[in-house]
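# Commentary on secondary and tertiary structure
The residues making up each chain are set out below.
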Amino acid sequence: MKGLASLRESRFWALTRKEIRQILKNRQLIFLLLFPPTVQLLVFGLALSPVVDHLKLGVVDYANSAESRELVSALVENDVFEVTATPFNQADLGHQVQRGKLNAGLVIPPAFDRDLQEGRSVEVQVFIDGVDANTAGITQGYINQILNQYTRRRHSQIARLPVETATRFLYNPGLMSSWFFVPGVIGLVLTLTGSLVSSVTVIREKDVGTLEQLLMTPAAGWEILLAKVVPLFVLLMGDVLLASAMGRFIFQLPFRGNYLIFLSLSGLYVFVSIGLGILLATLSRTQQQVVLTSFFFNVPIIQFSGAIAPIETMPPLFQFLAWFDPLRHYVTIARSLILKGEAVGALWPHIAALFAFAVVLMSISVSRFRSQLI
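What counts and how
Residues numbered from 1 in each chain as written. Predicted model: local features only at pLDDT ≥ 70, side-chain atom pairs only at ≥ 80, totals over all residues. Heavy atoms only, no water. UniProt positions renumbered as here; feature names shortened; annotations may be inferred. Pairing = 2+ DSSP bridges. Helix = DSSP H or I, 4+ residues; strand = E, 2+ residues; numbered from the N terminus. Axes fitted to C-alpha atoms, helices over the stretch in contact; angles between N-to-C directions.

As recorded in an unreviewed UniProt entry, the protein goes by Transport permease protein and comes from Lyngbya confervoides BDU141951. Annotation of the protein in UniProt includes, under Sequence similarities (unreviewed entry), the sentence "Belongs to the ABC-2 integral membrane protein family." Under the UniProt heading Subcellular location (unreviewed entry), the entry covering the protein gives this text: "Cell membrane".

Now the structure itself:
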C-alpha cells in the first residue's frame, strides 16, 4: 500500500511539474494572469463612480439683478454645475438642452428680485435632459436641494426646521466610491481570469493532440485534472494577493476583517472559477469556441452579482436569480470583510453557497473530463 501511494504521488507530481513548465513557457497565459487583472482593477476602481458633477448648465436671466446672480452663484459654488451657455431667450435654451449640449437649463423670470423683496412666491423654470435617466434624476435632486438651501438662507425665520436629521455614514465615512467598486472588481477579475485561463489550459490538450497521449499514461483522470488545477490555483491566488495589495495601497481599502480569512474564502471562490472554466472546456472543442462560450456565461454572472450595480436596484425576478450567482456571494463576503470587518458567523450562508458551487462545478467538471479520457 505504501508503494502504491508513493507511486500515485510520483505520478501526480510528475504531471504537476509538466503543467508548471507548460504554464511558464506560455507567455500568453502569463500575460492573461498579470496584465488584464491589473488594468481592470485600475480602470474600474478609478473610472466607475456614481458621483455626478460638473454638469453643463445654461442660464437665461431675464431679471439680471443681484438676487438672480446670487441664485446662479449658489448653483455653481460647489462645482456641481458649470454655466457653459447664456442663451438670449428661453427657446434657444430649450434647443440646446434638446441637442444634448446642456444637461440642464435655468430660466429666471424678469420680476424675480421684486417678488423676492415683496415676499411673494417666485417660480423659476428648469429644463433637464432626461435621455440619461440616472443623471437626470441626480440633476433634479441637486437643483431642488440647492434651491431649498438658497431659500433658507434668504428667509432666516425658516432656517431651522421643526425636525432636523443628523446623519452618520458607517463603514465608509468619506463616501469613497472605489471602496464599493474595488471589492466587487476583485471578484470580477477572479471570475474572468480564472474561468478563461483554466478553460484555455484544458482545451489546449485537445488542440495540440496531447489528450490522446494522456490516455496512455497510468495516471487516473482525477490525477490528470488535479495536476492542472493545483498550478492554476497557486497562480490565481497570486492574482488575489496582487489585487488586494492594489486595493490597500492604491485605493486605501481599510481591510477591517481578518486578512487570512479573506484569502481563504478567496481561495474557495478560485476553485469555483476554475471549476467553471474546466466545465466550459469540456463543453467546447477549440480555444476560440471556449472563449466565446465563457462570455456567454460570465456576462450574466457579472451583471447579477452586484459587483458593478447594487442588487437592490434590479427587478424582483433578477434579485431572486442573483442568489444562484456564485460571484454575488463572493462579492458580499469581500465587502463585508474588507469594509465592515464582519465575523465568519455572519457570513455562513454565503460561505455555504460558495462551497456548494465549488463542489458541484468541480464534480461535474471531473465527471465530464473523465468521460473524455475513456
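Let us now look at the sheet that holds strand E3 (residues 104-108). Ordered in space as E2-E1-E3-E4, the four strands form an open sheet in which the pairing is mixed. The open sheet has two free edges, formed respectively by strand E2 (81-85) and strand E4 (125-128), since each of these has just one partner strand. Between one strand axis and the next, the sheet turns through 30° on average, direction left out of account. Strand direction decides the pairing type here: strand E1 (residues 55-61) and E2, joined by four bridges, are parallel. Residue Leu55 lies in a different strand from E2, and its bridge partner there is Phe81.

Another aspect to go through is the UniProt feature "transmembrane region" (unreviewed entry) in the protein. UniProt annotation of "transmembrane region" (unreviewed entry) refers to residues 29-48, 179-203, 224-247, 259-283, 290-311 and 347-366 when read in the numbering used here. Secondary structure across residues 179-203 comprises 100% helix and 0% strand; the distance between its end C-alpha atoms is 37 Å. Helix and strand shares over residues 347-366 are 95% and 0% respectively, and the end C-alpha atoms of the span are 28 Å apart.

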